[in-house]
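So you can see what is in the structure, the chains are spelled out below.
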Number of protein chains: 2
Amino acid sequence: MNYKIRAARKKTAKILSLLCMCKVQIPPSPLLKLFKMYFPFSFFLFSELERDGFCQNPFFECLVAEVSDEHRSKDGHTVVGYGLYYYTYSTWKGRSVYLEDLYVMPEFRGNGIGKGLMCKVAKVKCVRLQLAVLDWNSPARDFYAAKGAQDLTDSEGWHFIRFDGLSLDNLVKDAPKD
Amino acid sequence: MNYKIRAARKKTAKILSLLCMCKVQIPPSPLLKLFKMYFPFSFFLFSELERDGFCQNPFFECLVAEVSDEHRSKDGHTVVGYGLYYYTYSTWKGRSVYLEDLYVMPEFRGNGIGKGLMCKVAKVKCVRLQLAVLDWNSPARDFYAAKGAQDLTDSEGWHFIRFDGLSLDNLVKDAPKD
């Protein structure tokens, strides 16, 4: 199947927000299924993405995969996947890129679109391409491993740590005064 | 002990590069000890950090902890710790901050400087503060846990994946033509 990869544009933000919602597989709960059924398009997410990604100094960059009109999805979309990334930095290695989301609609999988998106992101000038994957997501883990990626959690023991909500508020409260 | 936290400036890049080298504890090998003895200051690292962090659109931001002259380190430094961070993005949560490095010289530990740096970084307007830690680094893991952080690798099963060197080159080679 022919597809093209191009940078997301401001007018792509709507379909992008739809794809961002579709990609969420966790938890695979009836509640989420219901949520997706009744809110297939999140206006909140759309306006946030439009504001944050398509401004003077965007918080992220994004590539989308687009198929021709004749191959459009069963819901009528030609944008069928995306790779959303931003730059990070290693004090030992320099500029790196972090692939936050990589998603292809299920009906378009098996056509190399996911790999195409990832490879295009890798062309960004950087010394590393990093991402995160859940341990139960074997297809994704196998996909990255087959492409030669290292699992740094398995090989070196790296753990993700997060402060948010109350724990983040507490840090802010404890910050030394200027 | 009194200390101040302030933004790193261009002229701080030299001591910053020294601290970046000091923070590397892995592997705790004789080779690294020798390396640090003969190259206490890396000109390469210094010039990279100066270029990348103190330009028009810096790749990272950095806070340093500074003690008064009377408390300077045994090597004569008043900048005794740093927290280096950059912005990331969640398509569900928005702007986040990633604490890439948090380091305090061993002789200054136990004075709340590390916590002070982290709390100051947390004051950056964001919905999440994230970082990574190695599983053998119990003091750091305990420190974050005591502050209410979640270990997402333990609780949700997130793994770090990295492409670099040959695996990154291969991705670039495989990228679809424009």
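Our structure is the block above this text.
Calculation criteria
- Residues numbered from 1 in each chain as written.
- Chains lettered and ligands numbered in written order.
- Predicted model: local features only at pLDDT ≥ 70, side-chain atom pairs only at ≥ 80, totals over all residues.
- Heavy atoms only, no water.
- 1 Å grid on protein atoms, 1.4 Å probe; cavity = no way out; pocket = protein on both sides within 12 Å on 5 of 7 lines; lining within 4 Å.
- Points joined across faces, edges and corners; volume = space filled by probe spheres on them.
- Helix = DSSP H or I, 4+ residues; strand = E, 2+ residues; numbered from the N terminus.
- Nonpolar A, V, L, I, M, F, W, Y, C, P; charged D, E, K, R; others polar.
- Least-squares fit on C-alpha atoms with pLDDT ≥ 70 in both.
- Core = buried A, V, L, I, M, F, W, Y, C linked by side-chain atoms within 4.5 Å.
- Buried < 20%, exposed > 50% of the residue type's maximum accessible area, 1.4 Å probe, protein only.
- Contact = heavy atoms within 4.5 Å.

Regarding the layout of surface pockets
Taken as a whole, the second largest pocket spans an internal volume of roughly 640 Å³. Contributions of two or more residues to the lining of the second largest pocket are made by β3 (79-90) of chain A together with β3 (79-90) of chain B. Top contributing element to the lining of the second largest pocket by residue count: β3 of chain B, with 4 residues. For the lining of the second largest pocket, a count of residues per class yields 12 nonpolar, 3 polar and 4 charged.

A short note on the relation of the copies chain B and chain A
Rotating chain B by 180 degrees and translating it 0.0 Å along the rotation axis places it on chain A, where the RMSD comes to 0.0 Å. Such a turn and shift between the copies fits a two-fold axis.

Some thoughts on the nonpolar core
Within the largest apolar cluster, 108 residues are counted, with the highest numbers of intra-cluster contacts made by Leu129 and Phe163 of chain A together with Leu129 and Phe163 of chain B. Residues contacting Leu129 of chain A, with those up to four places away along its chain left out, are Val97, Leu99, Met118, Val121 and Ala122 of chain A together with Ile161, Arg162, Phe163, Leu168 and Leu171 of chain B.

So, helix α4 (residues 113-122) of chain A
Side chains of residues three or four places apart in an α-helix project in the same direction, reflecting 3.6 residues per turn. Counted residue by residue, α4 of chain A has 9 buried out of 10 residues, so it is predominantly covered. Residues of α4 of chain A that are buried include every one of Ile113, Gly114, Gly116, Leu117, Met118, Cys119, Lys120, Val121 and Ala122 of chain A, and no others.

A word on the environment of Lys23 of chain B
Here Lys23 of chain B shows up in the loop between α1 (13-22) and α2 (30-38). Residues Lys23 of chain B and Arg162 of chain B, spaced 139 residues apart in sequence, show a C-alpha to C-alpha distance of 21 Å. Leave out the neighbours within four places in its chain, and Lys23 of chain B touches Thr91 and Trp92 of chain A together with Tyr82, Asp101 and Tyr103 of chain B.

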